[in-house]
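# Structural description and commentary
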Amino acid sequence: RLTFARWLVDRRSPTTARSLVNRVWQAYFGQGLVATSEDLGVQSEPPSHPELLDWLAVEFMEAGWSLKHLHRLIVTSATYRQDSRVTPELLARDPYNRLLARGPRFRVEAEVVRDIALAASGLLVRKVGGPSVFAPAPEFLFVPPASYGPKVWREATGEDRYRRGLYTFCYRSVPYPALQAFDMPNGDFSCVRRVRSNTPLQALTLLNETLFVECARALAQRTLSEGGTDNAARLAYAFRRCLGRLPTQQEAEILLGLLVRQRERFATGKLDPWELAGASGEQRPALPAGVTPAELGAWIAVSRVLLNLDETITKN
């Protein structure tokens, strides 16, 4: 074992360093310098930039195998800090950005999709460490025939409910559905490179899954209490929390139009705003001065749209 360990980190055996560097590069750019990060053998796809891969591997080893140094080196590079916008000509020539002529742009991993919604809404609990969390999930998943046998699933309450997706408990035979919709692999095999799909089920998850609805409610309440006194300021506040930028004039017009239509639906009694807010009786939250239940319902509807935008869950 000692001989094997020494061989793994020997300077004359650079496969380990190359593999680690390639996986870190993959995390930042969506694809490794060797696209087949699960296979760096003679039958793998050749690296797009072999000299860069070797240089990074040597730099990684000479820096004492410091991952912190490697991360800092990549994120401060001119290559990583490029704009991710692409022209039609460049997209036709290099659709997968193998030439590294632009910054990375790809949908984030499943756990990060969940974390983005929690962070934008203000619900994210940043505590590090501790046991796994039983996040909200349909009860039928843990009884036959969906499961091999009855399983215990005590849904988390309090702050544990809003911990990072990393801490979500998963059975090997019953993957967590909200994360599996975004291509989280099963727990019964090793996965070095995740696939990325784009399906209608992902949009339905962002709109209707329990935790994402709770995030939309929290974002709406936060927008009404902290976003300002007029609709334009509130929209800018909510939009920036989700996308990290201000809306364009066209985007603002579309979303404010949606806000007006939804407010009318709630005000006329076509829909119950408290039902959308998940509150009834004494559980109804106190609203800021001048804010009606119809206004709250309309902002929850807008928040659901913001959290469902492609740009919200895309690394740009």
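In this report, we go over the structure that sits alongside the text. (Residues numbered from 1 in each chain as written. Predicted model: local features only at pLDDT ≥ 70, side-chain atom pairs only at ≥ 80, totals over all residues. Heavy atoms only, no water.)

With their axes 10 Å apart at the nearest point, helix α10 (residues 231-243) and helix α13 (residues 293-307) run at an angle of 35° to one another. By crossing handedness, the relation of α10 to α13 is classed as right-handed. Counting all contacts with α10, which are made through Asn231, Arg234, Leu235, Ala238, Phe239, Cys242 and Leu243, the residues of α13 involved are Glu295, Trp299, Val302, Leu306 and Leu307. Residues of the contact of α10 with α13, tallied by class, amount to 9 nonpolar, 1 polar and 2 charged. (Axes fitted to C-alpha atoms, helices over the stretch in contact; angles between N-to-C directions. Helix = DSSP H or I, 4+ residues; strand = E, 2+ residues; numbered from the N terminus. Left-handed = near helix turned anticlockwise from the far one by under 90°. Contact = heavy atoms within 4.5 Å. Nonpolar A, V, L, I, M, F, W, Y, C, P; charged D, E, K, R; others polar.)

Moving on, we get to unusual backbone geometry. A cis amide bond links Pro144 with the next residue in sequence, Pro145, at an omega value of 5°. The topology assignment puts Pro145 in the loop between α6 (110-121) and α7 (177-180). Residue Asn97 is not a glycine yet carries a positive backbone phi of 55°. As for its position among the elements, Asn97 is in the loop between α5 (88-93) and β1 (106-107). The exposure class assigned to Asn97 is buried, which follows from its relative accessible area of 11%. (Buried < 20%, exposed > 50% of the residue type's maximum accessible area, 1.4 Å probe, protein only.)

Of the volumes computed, that of the largest pocket is approximately 580 Å³. The wall of the largest pocket is formed by 26 residues, among which Phe29, Gly30, Gln31, Tyr96 and Arg105 lie closest to the centre. If you tally residues by element for the lining of the largest pocket, the top one is helix α2 (residues 15-29), at 3 residues. Grouping the amino acids of the lining of the largest pocket by side-chain chemistry returns 12 nonpolar, 8 polar and 6 charged. Here the second largest pocket defines a volume of roughly 400 Å³. (1 Å grid on protein atoms, 1.4 Å probe; cavity = no way out; pocket = protein on both sides within 12 Å on 5 of 7 lines; lining within 4 Å. Points joined across faces, edges and corners; volume = space filled by probe spheres on them.)

Enumeration over the complete set of coordinates arrives at 13 aromatic pairs. Between the aromatic rings of Trp25 and Phe29, the centroid separation amounts to 4.2 Å while the plane-to-plane angle is 10°, which identifies the pairing as stacked. Here Trp25 pairs with Phe29, and both are found in helix α2, just 4 residues apart, close to one helical turn. Given a relative accessible area of 5%, Trp25 falls into the buried group. Pairing Phe29 with Tyr80 gives two aromatic rings, centres 5.8 Å apart and planes at 80°, and the pair type is edge-to-face. Here Phe29 is found in helix α2, whereas its partner Tyr80 is found in the loop between α4 (67-75) and α5, with 51 residues between them in sequence. We classify Tyr80 as buried; its relative accessible area is 19%. An aromatic cluster is present here, built from Phe134, Phe142, Trp153, Phe169, Tyr171 and Tyr176 joined pairwise through their rings. Above the face of the Tyr171 ring, Lys151 is positioned so that its terminal group lies 5.4 Å from the ring centre. (Phe/Tyr/Trp six-rings, centres within 6.5 Å; stacked < 30°, edge-to-face > 60°. Lys NZ or Arg CZ within 6 Å of the ring centre and 35° of its normal.)

To continue, consider α10. Here α10 spans 18 Å end to end across 13 residues, near enough to the 18 Å set by a 1.5 Å rise per residue. Taking the backbone nitrogen of Ala232 as reference, a side-chain oxygen 3.2 Å away marks Asp230 as the first, capping residue of α10. With its phi angle positive at about 75°, Gly244 sits one or two positions after the end of α10. (Expected span 1.5 Å × (residues − 1). Polar contact = N/O pair within 3.5 Å; in protein donor to acceptor, adjacent residues only side chain to side chain.)

Structurally, Thr199 is set in the loop between α7 and α8 (200-208). When the C-alpha atoms of Thr199 and Phe182 are compared, they prove to be 8.8 Å apart, with 17 residues separating the residues in sequence.

Moving on: the pattern of salt bridges. Scanning all chains against the criterion turns up 19 salt bridges. A salt bridge links Arg18 to Asp54; the nearest nitrogen and oxygen atoms lie 2.9 Å apart. Residue Arg18 is located in helix α2, and its partner Asp54 is located in helix α3 (residues 50-62); the two are separated by 36 residues in the primary sequence. Owing to a relative accessible area of 29%, Arg18 belongs among the partly exposed residues under this scheme. Given a relative accessible area of 32%, Asp54 falls into the partly exposed group. For the salt bridge of Asp310 with Arg105, the shortest nitrogen-to-oxygen distance reads 3.3 Å. Pair noted here: Asp310 is in the loop between α13 and β2 (314-315) and Arg105 is in the loop between α5 and β1, with a separation of 205 residues, a long-range link. The class of Asp310 is partly exposed, set by a relative accessible area of 46%. Shared partners join several salt bridges into a network, and the residues in it are Lys127, Glu159 and Asp160. (Salt bridge = Lys/Arg side-chain N within 4 Å of Asp/Glu carboxyl O.)

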